[in-house]
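Below, each chain spelled out in residue letters.
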Amino acid sequence: MATISAFPTPLVMRLLAASVSVSYKAGSIIRDILKTGDLGIVEKGKNDLQTEADRAAQRCIVATLHRQFPKVAIFGEESLDPNDNIPDDYIVRNLDESVLSHPCPDGYKDVTDDQVVIWVDPLDGTAEFTQGLLDHVTVLIGIAVNGEAKGGVIYQPYYNYQLESKAPLGRCIWGLVGLGAFGFVPVAPPTDKNIITTTRSHSDWVVSEAVSACEPSDVIKVGGAGHKVLLLLEGKAHAYVFASKGCKKWDTCAPEAVLHALGGRLTDLLGHQILYHAKVQRKNAGGVLATLSNHHWYVDKIPKEIKDHFVSG
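Note that this is a predicted model, so its numbers are computed, not measured.

S.K.: Would you take a moment to explain the sheet that holds strand 9 (residues 195–199) for this structure?
M.R.: The strand order 10-9-11-13-12 describes an open sheet built from five strands, whose pairing is mixed. Strands with a single pairing partner mark the edges of an open sheet, and in this sheet they are strand 10 (218–222) and strand 12 (265–267). Sheet twist, expressed as the mean angle between neighbouring strand axes with direction ignored, is 20°. Two strands pair when backbone bridges link them, and strand 12 and strand 13 (residues 288–291) are joined in this way by three bridges, in the antiparallel orientation. Note that in strand 13 the partner of L266 across the bridge is A290. Taken strand by strand, helix 6 (residues 225–233) contacts strand 9, strand 10, strand 11 (239–242), strand 12 and strand 13, and its axis lies near 150° from that of strand 11.

S.K.: What am I meant to see in the packing of helix 6 against helix 7 (residues 249–261) here?
M.R.: In a packed pair of helices, the relevant descriptors are the angle between the two axes and the axis-to-axis distance. At a closest axis distance of 9 Å, the pairing of helix 6 and helix 7 adopts a crossing angle of 15°. Regarding the angle of helix 6 to helix 7, the classification is roughly parallel. Two packed elements cross with a definite hand, and for helix 6 against helix 7 that hand is right-handed. Note on element contacts: helix 7 touches helix 6 through D251, P255, V258 and L259, opposite A225, G226, V229, L232 and L233. The residue inventory of the contact of helix 6 with helix 7, partitioned by class, reads seven nonpolar, one polar and one charged.

S.K.: Would you mind showing me how to read the nonpolar core here?
M.R.: Here is a general trend for soluble globular proteins: nonpolar side chains tend to be buried in one another's company. Of all hydrophobic cores here, the largest spans 49 residues; its most connected members are I30, I61, L65, V116, I118, F129 and I141. Secondary-structure elements contributing two or more residues to this core are helix 1 (11–36), helix 2 (52–68), helix 3 (97–100), strand 4 (116–124), strand 5 (138–145), strand 6 (148–156) and strand 7 (171–176). Top element by residues in this core is helix 1. It accounts for 13 residues. Discounting chain neighbours no more than four positions away, the residues touching I118 are L15, L65, V72, A73, I74, F75, I141 and G142. The next biggest cluster of nonpolar side chains, apart from the first, holds 35 residues, and it includes V207, V229, L231 and L259.

S.K.: Sorry, what's going on with helix 1 here?
M.R.: An α-helix turns once per 3.6 residues; consequently, residues spaced three or four apart project the same way. For helix 1, with 26 residues, the first-to-last C-alpha span of 38 Å sits near the 38 Å given by 1.5 Å per residue. Taking burial as the measure, the 26 residues of helix 1 include 19 buried ones, the bulk of the element. G37 sits one or two residues past helix 1 and shows a positive phi near 80°.

S.K.: Got a minute to help me understand the pattern of salt bridges in this structure?
M.R.: It is possible for side chains of opposite charge to pair when their charged atoms get near one another. A complete count under the given rule lists eleven salt bridges for this structure. For the salt bridge of R59 with D84, the shortest nitrogen-to-oxygen distance reads 3.1 Å. Taken together, the positions of R59 in helix 2 and D84 in the loop between strand 3 (73–76) and helix 3 put the pair 25 residues apart, joining distant regions of the chain. The shortest N-O distance in the salt bridge between R200 and E128 comes to 2.9 Å. Taken together, the positions of R200 in the loop between strand 9 and helix 5 (205–213) and E128 in helix 4 (residues 126–130) put the pair 72 residues apart, joining distant regions of the chain. Bridged by salt links that share partners, the residues E52, R55, R59 and D84 form one connected network.

Conventions and cut-offs
Residues numbered from 1 in each chain as written. Predicted model: local features only at pLDDT ≥ 70, side-chain atom pairs only at ≥ 80, totals over all residues. Heavy atoms only, no water. Pairing = 2+ DSSP bridges. Helix = DSSP H or I, 4+ residues; strand = E, 2+ residues; numbered from the N terminus. Axes fitted to C-alpha atoms, helices over the stretch in contact; angles between N-to-C directions. Contact = heavy atoms within 4.5 Å. Parallel < 35°, antiparallel > 145°, perpendicular 65-115°, else oblique. Left-handed = near helix turned anticlockwise from the far one by under 90°. Nonpolar A, V, L, I, M, F, W, Y, C, P; charged D, E, K, R; others polar. Core = buried A, V, L, I, M, F, W, Y, C linked by side-chain atoms within 4.5 Å. Buried < 20%, exposed > 50% of the residue type's maximum accessible area, 1.4 Å probe, protein only. Expected span 1.5 Å × (residues − 1). Salt bridge = Lys/Arg side-chain N within 4 Å of Asp/Glu carboxyl O.

Bear in mind that shape data such as this cannot, by itself, settle questions of function.
Take a look at the structure:
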C-alpha cells in the first residue's frame, strides 16, 4: 500500500485510492457489528432505519477522508455528532496501489479541492441489513467533480457470504469516468428479456406504474441503490426504475460514476443529469432511471402523467 506523501499523484486518483482503501475497513466494521448481535437500531423516519453499523462506518470513512483531504467537501447520509471520538484504528492511512497503478486521465490532472464533493452512504440497504438480506448491502463513496459524478466505489461487505467454500468475503468495485470500471467482470443481460429492478420496500402506485410502463418481462425487487446498479453491471437486469423522490445524492453518486465508467447512464426519470454540487438539494427530486444501454427508450416509456410528478434537481 502507498501513502499520500510517497505519490505526488493527481487529487482525483488519490481520492479514489483512499476511498477504495477505507471501503474495506468500513466493510469490516459493518461485519464486526453484525456479529455482536446489537445493531443499535434507530428509526429516522418511515421505512428509514439507522444502525450502529451505519454510524460507525460513516465515522470511519468521513474521518479518514477528512484527515487526508481536509479541504474537500464531504457529505454523509447519517447525522452524527462532530465531537464523537473516532477510534484510531478507524483511520485508514494507506492508498490502494491498484488504483494508483492506472494513469490519470488528462481531464482530471488539474482538478483542485474546491472542485470536488464526496458523497458517502456508509451502509446502503440498511433495512435489508437488519432483515438478514446481506447481499443487498453496499458501502458507497462517490466523487463528484464540478457537480458531476465521476468516480465511485461500491464495496460489498457480504459478497460470497452464502458460499460454503472459503471464498474471500467482500468485494470492492470502483470506477472513474474516462478510465473504466474495475473489480468485477461485466456481463451483458439476456437479449430476449427486459428485466427491471426496483425498490422492495418503498413502493407505491407511481413506482409500480413506471415499472409497468417499461414493459418488463421480469421485475426484481431488491434493496439499496448500489445493489440495483450492480444488477445492471452483472447483466442480471436491463434497467433500474425508481419513480420516487426518496433516493438521495449519497445513494446515487457512486453507482452513477461506476455505471457511467462502463458506458451506462443514470439520470432522473426525465432523462436529465443529476447534479452533485455541494449546495444541491439532497433528494433526487426527479426520481432515478439507470441503464447500460437504450437509455432514451426507457425515458420515453415513462408516461407524461408520471413525469409530471417529478422535477429535475
